[in-house]
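Here are the chains, one letter per residue:
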Amino acid sequence: MAAKECNIRVVARFRPLNESEKRAASESVVEFPSNKDDTIHITDKAFIFDKVFRPNATQEKVYNETAKEIVKDVLNGYNGTIFAYGQTSSGKTHTMEGVMGSDGQQGIIPRIVQDIFNHMHTLNTNLDFQIKISYFEIYLDKIHDLLDVSKTNLPVHEDKNGVPYVKGVTQRFVSLPNEVFKIMNEGKNNRHTAVTNMNEHSSRSHSVLLIYAQQENADNGKKLTGKLYLVDLAGSENVSKTGAKGQVFDEAKNINKSLSALGNVISALADGTKSHIPYRDSKLTRILQESLGGNARTTIILCCSPAIYNKSETKSTLDFGQRAKCIKNRVTVNEELTTEEWKRRWEKEREEVARLKDQLSRAEMEFERWRRGETVTKDEQVNLLESDDTLPTTSVVSTVAAANPLGGLDLRSSVNVDEWEKERSILYQQLDEKDDEINNLAQTIERLKSQIVEQDNIFSQARKDNENLQIELNRLQPESESEKEEVNEVLQPFEELALNYDQKTQEVETKRSY
Amino acid sequence: MTFLERYLTAVDKCYVQSLNDSETELYKSKYEARKLFEELYDVDIDDKSDNLEKEFQTLDLIEEDDKKKFIMIQSDEQAKELSVSKKHRYLIHLLLDYHIAAIYSDTEERSEGESRLRSILTSIEQALYHPLLCSLSLNLLNQLILIRTSFEQYNDAIEIAKQTEDLYNKSLVIEPYLLREIIHIDTSIQADDRRQEFEQTYTHTLFYLAQIYGKLDQKNESANYCRLTLERQLTMFNTNHSKHFDPFDWATNCATLSQYYMTNHDFATARHCLMCADKMLENVPSNHAENDKLAERIASFKRCWVKYAVNLLSDSSDRLLQAADRDVNPNEIVRSSTTPQFQFKLSLPSPTITCSFILDYDQARQVFLFAMDKIDSAKSYYILDGFVTDHVELCQDTSQLYSKLVFFESSIDRKCKMHKRRIDLLSTLCGEISEEHYLYIMRQLLFELGECYSMLLDLKLEQKNDLNSNKTIEKISHLTKLGISTFERFLSTMNDKKTKEKPETYADEYVRPVLLAHFYIARFYSKFIDSRLENLQQSLNQYKIIVNYVDKHPNSREYIEQEYSICKEMIDLLPLKLEKLRQIK
């Protein structure tokens, strides 16, 4: 990857082995190829950056080759950013701050401040120069003012006409380089006192020192404001780190600590370009919008230890730098057209090309014939002006003069598209019709079903009635039997009576006849 | 101080105070805690409680392969080791061993930590499920998962996690004591509280698994473990142990999870998650300490719904297109699922938006209106001046919604109107925000605007055949000009801020958009109806720019492979056409 193509310059700095590492006879795991100053080898893997500073590089060299240019831009009203990244005791503080007040040992920040003040003194007297400092940190996407501990959750205000800024952040005027360091110390003390979990905090919070350099021309009132962000980036988390900090112990009662990372785990799952992740808008990115690409000057300084003991951390630092080197802006241009749609358009263009090609080859053939000395009659000559063969050749010139020679092509290709569209809409229509049919059928089925249910109900009702009747009947039958018997019993005397009567009548008749 | 008090002091130092160690003495408290734990080895303890006596009846201490091991025995069986205090003392030793091993692994001596942990494991692995040992086992296995993961041995970690799952399932029938009750069983602790602590430890196991699968890029598995974690948190909330539960966080995580399922085309699950998220926010008191946070989150969830609608429409049209291409029923491409993969235990209202794929304009319109409503209310929080990025994103979503709706619309006239809406929306924004400070946003807006012009132009050209009126022709010429100027403005944002010159080389992520912009411009020029000669020449020039760039930067060819070959052919053929046009003149 050519450095040019990236917006971000990434340099790596290796500190020398420290005393305890030397005592422990720790070896250096890194190798610096003697002919290259941009490459580093660590256990057979090569990393290439814009620059690699070896352990013997002086503070001055590091400043000159990483920050000096940026400072110049800031003084001209542009914005710049310097990130520092590296594990604890990798020399980050030494690189950024160094030994305050020592010419040889002071780090990038004091040198920047010194340079800005030096620049101020060289300016015309009609230029009014002001330097302001803000110092804040971003922890769990909340901005805390380090110069005023009462400001704990400052919003990023995105003014539609201006620079995104931290709303309400304290700004301190400085007139001497020393004051900057005083302010920084004040901020650091505030950071330590306000925090309940320093260990986790420092591994996950970014601190930002913001230097505003503003110049105003007293004659014409023209203002020029440059901003320089100096960002101490928090290390990346990994499962063991988070886990170790919040490991579950009922006694420890800090269980939520590790589970608070659940949101990060979940948001890593979703495809960022198509989704909205609530409250994961990274305040850092917003503030640094301009610094992360385009025309801004951005440098990342990777601070590394060469000791074998820190091998994995060093490797992960370098990996981070490699990724950052090709950092994709959070905001990239989305393409509207899907491949499908492009294809459709492409086909269109292709057809045109194919037609033209055809003409060309016919023309070439004609040309060949001319070359061979043949005469090509007018009728045989290729007509390159009119692509629509259906039109009579005689009217070519006038047609072309009157209209657009490509019009025919466009018309034809758009007809194709039309047809395609039509076909599609027919398909849809058919689809819709089928849908309707299914719908209708489903409705009929529903209706029939309910009828069946109804009939079933009637049937079962009837059966129930029937059963009831049967029961009734069964109950009534013996009753009627007994009643019949009763009746019989009642009737018998009557019959007997009647019989008697008959007999009596007969007797009477007989008697009368006697 | 009693033994227990000394132990608790060490634990506090190890897990609470250590959090505040300074960067220069990162492990100060850990090392101090280790010393405290080590001192406890020599302290003689003789705790004789009935409870302890009872628990040790089922635990025997044997010697196997030169190592003391705990094994489970039936209470009526005769134990080999009869002395309760001997067993008790050995178990306490293992507890101290465990803490010290954990400190080793927390202080970057993970290999040492691991071998110590494994040694403890050998001593207890035949009695993992004993009530006294359960918590120790679970914590120990969790610690091993962390160590294996830190060595990037993810499959080992998953194996250990399976053991943990087994342990958890078997623990459901017993009552696991707390870790510290290995020293002294505290009868004042409720069984529920013990269970809850144990459950929380296991929740962490699942949470670690979510992260491990995330590292293995097995997103579905990872999502599933995230879901299980959320489910367990919710169970805690529902059973009223709300002290460890933050409805605000839970709702946010749940809404975020919905975005995963949504981008995975599982709209039923996505909808369920989002509805749960909305529902859970109701549990956040409106006098929440940070009131603005609640308003922000409510607006933020609305944006999740907007993305849901955009994706549903977009997936639906893709599905129909694929079905049409392959001449099959859309259900053969992908079937709508109406039941979510899981259900959080929350009582939800009936859904107000479908989760089935869209088939026609009417259905699409319902989704569109639903989303527009969400956009409008989200915009009342994310106002332009103050929330530029968010506001613009909402406008871009609106534009996307229109463009998705266009697919389902059949009337060209109405299609045109929808694109016109997009153009109005985007061009207004372009006029309002500062290009200097919102460069990326501006580029996005300009590119999309240019594409809108191109689509509208294509539609108008189709119409031209039907209408062929002067008015349409005029409109076409106007659109063409606007399209060209929009893409040119897009290209000018790439120029160097100081020199105003075109860069020699574009950043990788911009190669395609930039070359496409030239491609679009070339196309626009070829659509002009008058001044054919000049315009075709312009078109040719644009094709040449693309080909020249790619020839100079061979790496960029992969970004624009197909278009590149067209450009090449056009460069061969357009001069021919131009020549002929000149002849006619």
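Residues numbered from 1 in each chain as written. Chains lettered and ligands numbered in written order. Predicted model: local features only at pLDDT ≥ 70, side-chain atom pairs only at ≥ 80, totals over all residues. Heavy atoms only, no water.

### Quick look at the UniProt feature "binding site: ATP" (unreviewed entry) in chain A
All names here are of chain A. Those places that UniProt annotates as "binding site: ATP" (unreviewed entry) correspond, in this numbering, to Gly86, Gln87, Thr88, Ser89, Ser90, Gly91, Lys92 and Thr93. Considering the arrangement of structural elements, one finds serine 89 in the loop between β6 (79–85) and α4 (92–96). For lysine 92, the position within the fold is in helix α4. Overall, the relative accessible area of 14% leaves lysine 92 in the buried class. For lysine 92, the contacting residues outside a window of four places in its chain are Ala84, Tyr85, Gly86, Asp232, Leu233 and Cys303. Polar contacts involving the side chain of lysine 92 include one to the main-chain carbonyl oxygen of glycine 86, which spans 3.3 Å. (UniProt positions renumbered as here; feature names shortened; annotations may be inferred. Helix = DSSP H or I, 4+ residues; strand = E, 2+ residues; numbered from the N terminus. Buried < 20%, exposed > 50% of the residue type's maximum accessible area, 1.4 Å probe, protein only. Contact = heavy atoms within 4.5 Å. Polar contact = N/O pair within 3.5 Å; in protein donor to acceptor, adjacent residues only side chain to side chain.)

### Description of the domain arrangement of chain B
Per the domain assignment, the segments of chain B are domain 1 (3–46 + 83–247), domain 2 (248–410) and domain 3 (494–584). The centre of domain 1 of chain B, based on its C-alpha atoms, is set 64 Å off from the matching centre of domain 3 of chain B. (Domains from an automatic or database assignment.)

### Topic: the pattern of salt bridges
Residue and element names in this part refer to chain B. Throughout the structure, instances matching the rule amount to 43 salt bridges over all chains. Across the pair glutamate 32 and lysine 13 runs a salt bridge whose closest N-O atoms are separated by 3.1 Å. Of this pair, glutamate 32 sits in helix α2 (residues 28–40) while lysine 13 is found in helix α1 (residues 3–15), placing the two residues 19 residues apart along the sequence. The exposure class of glutamate 32 is partly exposed, given its relative accessible area of 32%. Given the relative accessible area of 18%, lysine 13 is considered buried. For aspartate 156, the salt bridge identified is with arginine 148, shortest N-O distance 2.9 Å. (Salt bridge = Lys/Arg side-chain N within 4 Å of Asp/Glu carboxyl O.)

### Brief notes about a negative patch on the surface
There is a patch of like negative charges on the surface, built from Asp432(A), Glu433(A), Asp435(A), Asp436(A) and Glu437(A). The residue Asp435(A) is located in helix α15 (residues 405–513) in this model. (Patch = residues over 30% accessible without salt bridge, like charges linked within 9 Å, V, L, I, M, F, W, Y side chains within 5 Å. Areas by Shrake-Rupley, 256 points an atom, 1.4 Å probe, with all protein chains shown as cover. Lys, Arg positive; Asp, Glu negative; His and termini not counted. Charge placed at Lys NZ, Arg CZ, Asp CG, Glu CD.)

### Focus: helix α18 (residues 470–492) of chain B
Across its 23 residues, α18(B) extends 33 Å between first and last C-alpha, which sits within 8% of the 33 Å expected from 1.5 Å per residue. Those residues of α18(B) that fall on the buried side of the exposure criterion are Thr472(B), Ile476(B), Ser477(B), Leu479(B), Thr480(B), Gly483(B), Ile484(B), Thr486(B), Phe487(B), Phe490(B) and Leu491(B). (Expected span 1.5 Å × (residues − 1).)

### Brief notes about the pairing of strand β8 (residues 142–145) of chain A
Residue and element names in this part refer to chain A. The pairing of strand β7 (residues 127–139) with β8 spans 4 bridges and is classified as antiparallel. Within the sheet, the bridge partner assigned to tyrosine 139 lies in β8 and is lysine 142. Between β7 and β8, which pair antiparallel and follow one another directly, the connecting turn spans 2 residues, one of which, leucine 140, has a positive phi of 50 degrees. (Pairing = 2+ DSSP bridges.)

### Here's the deal with the nonpolar core
A general tendency of soluble globular proteins is for nonpolar side chains to be buried together. All names here are of chain B. Membership of the largest hydrophobic core comes to 138 residues, with the highest contact counts inside it found for Phe37, Phe70, Trp250, Leu257 and Tyr308. Taken domain by domain, this core gets at least three of its residues from each of domain 1 (3–46 + 83–247) and domain 2 (248–410). Those residues in contact with tyrosine 308, other than ones at most four positions away along the chain, are Met262, Phe267, Ala270, Arg271, Leu274, Ile353, Thr354 and Cys355. One finds Leu516, Ala522, Phe524 and Phe528 within the second-largest nonpolar core, a separate group that totals 63 residues. (Core = buried A, V, L, I, M, F, W, Y, C linked by side-chain atoms within 4.5 Å.)

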